[in-house]
Amino acid sequence: MSPETRTAAELAEALEAGETTSVELTQAHLDRIAEVDAELHAFLHVDTEGALRMAAESDARRAAGEAWSALDGIPIAVKDVIATRGMPTTCGSRILEGWVPPYDATVVARLRGAGLPILGKTNMDEFAMGSSTEHSAWGPSHNPWDLDRVPGGSGGGSAAAVAAYESPLAIGTDTGGSIRQPAAVTGTIGGKPTYGGVSRYGLVSLANSFDQAGPVTRTVLDAALLHEVLGGHDPLDSTSIDEPVPAVLEAARRGADGDLTGLRIGVVRELGGEGYQPGVLARFEESVELMTKAGAEVVELSCPHFVHALATYYLILPAEASSNLARFDAMRYGLRVTPDTADNGAPPSAEDVMRATREAGFGDEVKRRIILGTYALSSGYYDAYYGQAQKVRTLVKRDFEAAFGLADVLVSPTAPTTAFKIGEKVDDPLAMYLNDLATIPANLSGVPGISVPSGLADEDGLPTGVQILAPAMADDRVYRVGAALEALLVQEWGGRLLDRAPGLPSVEPVATTGEAQP
Amino acid sequence: MPENSESSGAPEHTTISRDEVSHLADLARIELSDAELDHLAPQLNVILESIASIRGVAGDDVPPTSHTLPLTNVFRDDVVRPGLTAEEALSGAPEVEQQRFKVPRILGDEQ
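Residues numbered from 1 in each chain as written. Chains lettered and ligands numbered in written order. Predicted model: local features only at pLDDT ≥ 70, side-chain atom pairs only at ≥ 80, totals over all residues.

### Comments concerning the overall build of chain B
As a reminder, the rule being used: Per the convention used, a helix needs a DSSP run of H or I reaching at least four residues, while a strand needs a run of E reaching at least two, with both numbered from the N terminus. Burial is judged by counting the other C-beta atoms within 10 Å of a residue's own C-beta: 20 or more makes it buried, 12 or fewer makes it exposed, and any count in between marks it as partly exposed, with every C-beta position built from the backbone.
The helix and strand inventory of chain B stands at three helices and two strands. In chain B, which comprises 111 residues, the proportion classed as buried is 16%.

### Focus: the interface of chain B and chain A
Let me state the cut-off plainly: Here, residues touch in the contact sense if the C-beta positions derived from the backbone fall within 7 Å of one another. Put simply, Ala, Val, Leu, Ile, Met, Phe, Trp, Tyr, Cys and Pro go in the nonpolar bin, Asp, Glu, Lys and Arg in the charged bin, and everything else, Gly too, in the polar bin.
Contacts between the two partners involve 55 residues from chain B and, on the opposite side, 64 residues from chain A. When residues of the side of chain B that touches chain A are traced back to their parent elements, those giving at least two are α1 (18-27), α2 (34-51) and α3 (86-90) of chain B. Among the elements that make up the side of chain B that touches chain A, the one with the highest residue count is α2 of chain B (seven residues). Across the side of chain B that touches chain A, the residue classes tally to 34 nonpolar, 13 polar and eight charged.

### Notes on the environment of His-233 of chain A
Residue and element names in this part refer to chain A. Of note, His-233 is situated in the loop between α7 (220-230) and α8 (248-255). Distance in space between the C-alpha atoms of His-233 and Ser-136 is 31 Å, their sequence separation being 97 residues. With sequence-adjacent residues up to four places away left out, His-233 is seen in contact with Ser-240, Ile-241 and Asp-242.

### Observations concerning unusual backbone geometry
Residue and element names in this part refer to chain A. Here the bond from Gly-153 into Ser-154 is cis, since omega is 5°, no more than 30 degrees from zero. Locating Ser-154 in the fold gives a position in the loop between β3 (118-122) and α5 (156-163). Phi angles above zero are rare outside glycine, and Tyr-165 is one such case at about 65°. Assignment of secondary structure puts Tyr-165 in the loop between α5 and β4 (169-173). In this structure Tyr-165 comes out as buried when scored by C-beta crowding, with 25 C-beta atoms within 10 Å.

### Section: the packing of α7 of chain A against α8 of chain A
Residues and elements named next belong to chain A. Quick reminder of the rule: Axes here mean lines fitted to C-alpha atoms, for a helix over just the part in contact, with angles spanning 0 to 180 degrees between N-to-C directions. Should an angle fall under 35 degrees it is taken as roughly parallel, and over 145 as roughly antiparallel, whereas 65 to 115 is taken as roughly perpendicular and any remaining angle as oblique.
The N-to-C vectors of α7 and α8 enclose an angle of 170°; their axes lie 8 Å apart at closest approach. Taken together, the axis directions place α7 and α8 in an arrangement best described as roughly antiparallel. Where α7 abuts α8, its residues Val-220, Leu-221, Ala-224, Leu-225, His-227 and Glu-228 lie against Val-248, Leu-249 and Ala-252. Split by residue class, the contact of α7 with α8 holds seven nonpolar, one polar and one charged.

### Details of helix α4 (residues 106-114) of chain A
Residues and elements named next belong to chain A. Where α4 is concerned, the buried positions are Thr-106, Val-107, Val-108, Arg-110, Leu-111 and Ala-114. On its buried face, α4 sits against β2 (76-79), β3, β4, β6 (213-217) and α7. In the stretch just after α4, Gly-115 is the one whose phi turns positive, near 85°.

### Quick look at the packing of helix α2 (residues 22-40) of chain A against helix α3 (residues 48-63) of chain A
All names here are of chain A. Put simply, the rule reads: The hand of a helix crossing depends on one turn: near helix anticlockwise from the far one by less than a right angle means left-handed, and clockwise means right-handed.
Where α2 contacts α3, the axes come no closer than 8 Å and their chain directions differ by 160°. One element, α2, and the other, α3, form an angle in the roughly antiparallel class. Along this stretch, α2 crosses α3, giving a crossing that reads as right-handed. Counting all contacts with α2, which are made through Ser-22, Val-23, Thr-26, Gln-27 and Leu-30, the residues of α3 involved are Thr-48, Ala-51, Leu-52, Ala-55, Ala-56, Ser-58 and Asp-59.

### Examining the sheet that holds strand β7 (residues 264-268) of chain A
All names here are of chain A. Short version of the rule: A strand pair is defined by DSSP finding two or more bridges across the two strands.
In space, the eleven strands of this open sheet follow the order β1-β3-β2-β4-β6-β5-β10-β11-β9-β7-β8, with mixed pairing throughout. Unpaired on one side and paired on the other, β1 (43-46) and β8 (297-301) mark the two borders of the sheet. The sheet shows a mean angle of 25° between the axes of neighbouring strands, taken without regard to direction. Bridge count between strand β5 (residues 189-192) and β6: two bridges; the pairing is antiparallel. Residue pairing for β6: Ile-189 is matched across the bridge by Thr-217.

What follows is the structure, given as structure tokens:
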């Protein structure tokens, strides 16, 4: 089996046993990127030299018996919203074209400290605003299941890279679903930790009270391995939780036995039904049935304020974003566009330069949200919109608290539909926003979640996902239940869902349709 | 733009005019072309219409949430650690002069 199709856990074992080297498997993934990324466009930047250098250093450590972590030597891709010292970081925006950060984000420092070679930076919607990667200034990424379709967003590049075997691991960020929704539509795993569980230092802020980085992988166990590398208190982030990382690895291993005896699973009435594709709902119901057979008790419950979650999010997010993105002022870093002359004939002022730069540097969706946020925060509208949204956020939080009194975890479809066609929703903001209907409530209240593949929709044969949510700091629960559901489904299917993905045209198929895993 | 409203008195209309969008863009320091204004204003109204449903959902007795986890004054130990060098700090600057960020004029002639 070629190294690209193996999981990070398997590769780590092979490294430990001396069956392969980090240079060998890093090169294999770089080759795979060279082979397929022209069609996939998952990467904005590939750091061949740096990745191979880190791989060689890792091999030297392993040879000396001094591996820095279980994942030492396993290559990884990083979403372009995260600062990487010496490697371009554009956030998918022209305003940061060519910017090379002089520092590492804490999550990147942790990857380096754990010995993971960084393959490059993955594509995303500009400043993480979107659900399809179509708002990237550098063009969309494509879904490995169907190249005419989106891989979700904003972290579509990370999900596509992992789904297409360009990388065993990737980092994503989830503000309203940007880790989980791409996972659902590409047949991969996406974990959003508890808000504050992973440092935001060096993560370019979209909405800082929602943003959270987390793992993008092909198995729940790999996600747990990566989560343990990323998680933990960081004094450089004042919102970082100063408590031990929940025991997610242990939970993922325990969950793999598929036994859910005694677990109460809450099915949220408001996260299903109207607006959800029949094939998505069918796969979700099957998953719930499987978990029931595995011993779980299903509790149907209501979170009445979830119907207001989308509106709440689209008031608070633009408000925070309009403030956060004020830092792109053409003075200290990034693009500077100097207009020819100011209105009065004087040389252009700093403000003239700012206006012209932000006009040229920001795309449509960013402009929409900045203006919307400016509106929501303006006097006369503040109480009716932003103030009201903050109150409804409290109500959503209370709904979660009540629900977790009745159930240990909550489950729902991750995304209401399967991957849509590129171009289908790009100029219809509201249709685009609806993709995050089921994922947004978790961001409003800071609770952790994971998306696990639940099958293929009957209508279009495309991947669907199930989302598992748990109370804040109970990340271990989402890994336990995620691993259990994954094990039950893999058993049912006789192999992983990704094994059924049609190979990219120029690629030696990983496994043909219907071929079962040994 | 209406003047500061003291209470939670909801605005009566939920639409933004083209002129208002132009004003908001100015506040946000974004130059917008006529074509962009024509395109953006109706889109913003569609979004606003859909989020207007939130008004009146929460009563006065509901406290606002700005942050999901209870955090109070977070301090870290005042430890000396290396920061960015001047060269590093200036490495992404559009223009540099004498080890400083070079910016366009800030004040008008009359100031």
